[in-house]
Each structure stands twice: as structure tokens, then as C-alpha cells.
Amino acid sequence: MASSASTLLVTGGAGFIGSNFIHYLFKQADFTGTVINVDKLTYAGNPENLSDIEKEHGGTRYFFEKADICDHEKISAVVEKYSIDTVVNFAAESHVDRSIFGPKEFIQTNIVGTFTLLEAAKKVWGARQDVLFHHVSTDEVYGSLGETDFFHENTPYAPRSPYSASKAASDHLVSAYFYTYHLPVTISNCSNNYGPFHFPEKLIPLMILNMLEEKPLPVYGDGKNVRDWLFVEDHCSAIYAILKKGRHGETYNIGGENEWTNIELVNLLCEKVAEKNNKPREYYKKLITFVNDRPGHDRRYAINCDKIKNELGWKQAVTFAEGLDRTVTWYLANPEWIEHIKSGEYRTWLEKNYETR
Ligand code: NAD
Ligand code: TYD
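Bear in mind that the values here come from a model prediction, so they are computed numbers and not experimental data.

J.: Would you mind showing me how to read the overall build of the chain here?
T.: In terms of regular secondary structure, the chain is built from 13 helices and twelve strands. Against the globule reference of 21 Å for 357 residues, the chain gives a C-alpha radius of gyration of 20 Å, in line with a compact fold. Dimensions of the chain along its principal axes, counting C-alpha atoms only, are 60 × 45 × 40 Å. Counting across all 357 residues of the chain, residues that qualify as buried make up 57%. Put simply, 83% of the contacts in the chain that link residues at least 6 apart link residues at least 24 apart. For the chain, the accessible area works out to roughly 14600 Å², and carbon and sulfur atoms hold 52% of it. Charge-centre separation for the chain: the mean point of 38 positive side chains lies 1 Å from the mean point of 48 negative side chains.

This is how it looks when you write it as C-alpha cells:
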């Protein structure tokens, strides 16, 4: 990021992490810049996530442009029009299960879209070095771990789902633009996020919503797959640290150092929702239903994030107990948000793919 007064192009800002990141930015005392949110508004994009930001900063420090990151003309025009000096690329198709049912959109947005953004940045920025292209990626590019190892920045890429393969390809392109064209880039590979505005097709919000409707809680396979969970705000603070101090051409791993098997996590969530809804502690656990495993289901993800801690002084600020409490509280306090999501395309997809199994 060129300075605290930078003009950022945030792609996918209407999604889960992107909208949290925009909220985070506007809360930072040392950020005086402007945000241009470019989002195609797919099923996962919800401008309602940013209605408060729109109200407070719309037309002055916040601008929304509905656009596809694969649209070279439009993206170049946005980079030029707003004199963008920093790109933060969140836009992606992000759900592994959807990538298994239909990988095409993943190839298009995650690979062609990232390529298009890189081309637009290269065209408009030329040889400038006072700019930054930050690419937000996932630890899933590293593949699946055994019981004890951790992903490091130099772990070889071994993606196993169409989603992770498309993210891996996009990471390689970003890196290639650094070495070949000297485009100033940084990449972050983060573990599973959770928190407010999480689209309810992913494990944590899906379970919370199903509990509220007393529907089955579908746990894939034996429930012993392990994920490393990070509260979304901690991901945002890590990205902000990279924008300010990250070294060009570098990759930073970000994680929660917080591993849980899926079944442990679902049990915890059941207890938390029961506590908030004044139900007996075990009340929702009867809804837990083991279902067929996801094809190619990665067994374990775990991040070593020593590099970003040591180099940039970042660390997680939110404990898992606090994060889960804040997340469940947020979903219980926002029935309207849930209802709006449910009445959209999401509903049809969910019915087709989950409820008929
Ligand atoms: P999300 O699915 O909630 O949001 C994606 C956003 O991108 C949506 O607003 C959508 O409308 C937009 N989008 C999709 N295709 C687009 C296109 N062609 N042009 C413009 N906008 C488009 O995803 P998320 O969970 O917020 O993830 C954001 C990024 O973080 C992704 O790149 C993902 O790979 C990465 N990531 C996510 C996690 C996680 O746990 N969710 C972890 C690590 C990394
Ligand atoms: P998910 O939230 O889809 O994230 P990712 O696949 O990117 O890690 O899934 C998290 C874990 O939960 C993963 O091991 C798959 C599992 N899972 C279930 O057991 N049931 C579900 O309904 C979903 C959506 C996921």
C-alpha cells in the first residue's frame, strides 16, 4: 500500500471476507484512503453486507462498481478512473462442494479473472513500484496433511479439488507477474475463516442455520477431518499488515493455530447455540447426521504462520471461544440477513444439493 491515503481496489468486497475487510479498513485510525469495491454479485455477493459503509462513506471514500473481474476493459477503466494504487483480490468462486459439482466458473473467475486483473494492473501501472497487487489465497493449495505436519510457505503445491487447483493456478500467475514483469505483488494463503457475513453453505453458518430450523446437521464422512479456524477479523488484520509492510514477491501464510475435527466443532457449536437459545446443553446434538463423504476430501489443514508473526509482527487477537460466541450471537441477531439470503438462488442450490441426500 503506497500510503495511509491509498486508493484500494477491493475485488469481491460484497462477499464474506471482502466485506469484513472493508469494515475493518474503515475502523483503522491510520487508514484515510478510499475503497473501490468491484464485485459481480454472484449468489455469494451481498451488497447488504456493506449497507452501513455505503451510508457513511458512499460517494466520498467508498464506491461500488458492479463488474466481472474477467472484463478487461471495465477493470482497466476502473483502475484508471480512480487512480488505484493497491489491488486486493478477494473475488473468487470459493466453495469446494460447488467446484466438485461444476468447476467451470472456478476456472473462469479464479484463473482467468486473476489473469485479467494482473493484465489490467500491468497495463495501467507500467513499471511503477509504488503500487501493490495483493492476492488473497487459501492453504488448500498445499493439499492434505497427515496427523503431524504443518503447511509452510515453501510447502510444494498439491491441490486436490477443482477449487484449490484453480486457486493454485491463480497464485502461480501472480508470482509469474512478479518475476517476469516486476509487478509488485504479495500473496497470502490463509486457513478456514469464520465470523459474521459467512455465506451459509460453509460448515459453521450452515450448522447454525440448520439448528435454528431444527434440521439435520450433515457431517461428511467420519467427521474427523481437521481444519485450522481463524476469526475473519484476524485474517483482515493480517492482510492489512501485508499491505503496509509485506515484501514484494513474498507469500505469507496466515492461520489460527486452532485445529478442530469437524465433529468436535459441530458439537461445540451445538452447545453454544443451545446456551444462547436457553435450551438444554445437548439439545441440538440429536440433529447431527453423518452423510456421504465429499469426494477427494482433504483430511487435515494446519498452518505454520511464524513468517508473518516474526516478519510483520502480526498475531491472532480473537480466541476461538470469543470468536464462536461473536459468530453465533451475530447470526441470532440478524434474522433478516438470513431470510434475504434464503430467498435467493442459494435456496434452490441448497435444496438440490443438500436436502435431497
Ligand atoms: P465468498 O464466496 O463469500 O465471496 C466471493 C465474492 O466474490 C462474492 O462477493 C462474489 O460476488 C464475488 N465474485 C465472484 N466471482 C466474481 C467475478 N467474476 N468478478 C467479480 N466478483 C466476483 O468468498 P470468501 O469466503 O469471502 O473468500 C474470499 C477470498 O478469500 C477467496 O479468494 C477465497 O479463495 C479466499 N479464502 C477464503 C477462505 C475462507 O475460509 N472463506 C480462506 C482462505 C482464503
Ligand atoms: P467448508 O466450510 O466447506 O470449508 P473447506 O472445505 O474449504 O475446508 O468445510 C469445512 C469442513 O467441514 C470440511 O472438512 C468439510 C466439512 N463439511 C461437513 O462436514 N458438512 C457440511 O455440510 C459442510 C459444508 C462441510
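J.: What should I look at first to understand the site of ligand 2 in this one?
T.: Lining the immediate surroundings of ligand 2 are 18 residues, of which Glu140, Pro218, Arg227, Arg294 and His297 lie closest. Taking Glu140, its side chain carries an N or O atom lying 2.5 Å from an oxygen atom of ligand 2. Within the side chain of Asn262, an N or O atom sits 2.9 Å from an oxygen atom of ligand 2. A total of 510 Å² of accessible area belongs to ligand 2 in isolation, and the protein chains cover 97% of it.

J.: So what exactly am I meant to see when it comes to the sheet that holds strand β6 (residues 185-190) here?
T.: Strands belonging to one sheet form pairs held by backbone hydrogen bonds; the direction of such a pair is parallel or antiparallel. The sheet built from seven strands is open, its strands ordered β3-β2-β1-β4-β5-β6-β10 with parallel pairing. Two strands bound the open sheet, and with one partner strand each, they are β3 (62-66) and β10 (251-254). Direction aside, neighbouring strands of the sheet carry axes that sit 20 degrees apart on average. Direction of pairing for β6 relative to β10: parallel, over a ladder of four bridges.

J.: Honestly, the nonpolar core in this entry has me stumped. Any pointers?
T.: When a protein is soluble and globular, its nonpolar side chains tend to lie buried together. If you look at the biggest cluster of nonpolar residues, it comprises 55 residues, and the most contacted ones within it are Leu8, Phe21 and Leu269. Those residues in contact with Leu8 that lie beyond four places of it in its chain are Met1, Phe21, Leu25, Phe31, Thr34, Val35, Ile36, Ile84, Thr86, Val88 and Leu243. Among the nonpolar cores identified, the runner-up in size contains 24 residues, and Ile75, Val78, Val87 and Leu118 belong to it.

J.: Would you explain the site of ligand 1 in this entry?
T.: Taken together, 28 residues surround ligand 1, and among them Ile17, Asp39, Ser94, Tyr163 and Lys167 come closest. Ile17 is positioned such that a nitrogen or oxygen atom in its backbone is 2.8 Å from an oxygen atom of ligand 1. In the model, an oxygen atom of ligand 1 is placed 2.9 Å from a nitrogen or oxygen of the Asn193 main chain. The fraction of the free accessible surface of ligand 1 (840 Å²) that becomes covered by protein chains is 97%. Elements that contribute at least two residues to the shell around ligand 1 include exactly α1 (16-27), β5 (132-138), α6 (162-181) and β7 (192-194).

Reading the values: the criteria
Residues numbered from 1 in each chain as written. Chains lettered and ligands numbered in written order. Predicted model: local features only at pLDDT ≥ 70, side-chain atom pairs only at ≥ 80, totals over all residues. Heavy atoms only, no water. Helix = DSSP H or I, 4+ residues; strand = E, 2+ residues; numbered from the N terminus. Rg over C-alpha atoms; globule rule 2.2 N^0.38 Å. Buried < 20%, exposed > 50% of the residue type's maximum accessible area, 1.4 Å probe, protein only. Contact = heavy atoms within 4.5 Å. Areas by Shrake-Rupley, 256 points an atom, 1.4 Å probe, with all protein chains shown as cover. Lys, Arg positive; Asp, Glu negative; His and termini not counted. Charge placed at Lys NZ, Arg CZ, Asp CG, Glu CD. Near = heavy atom within 4 Å. Polar contact = N/O pair within 3.5 Å; in protein donor to acceptor, adjacent residues only side chain to side chain. Pairing = 2+ DSSP bridges. Axes fitted to C-alpha atoms, helices over the stretch in contact; angles between N-to-C directions. Core = buried A, V, L, I, M, F, W, Y, C linked by side-chain atoms within 4.5 Å.

Note that all results are geometric; they support no functional claim without further evidence.
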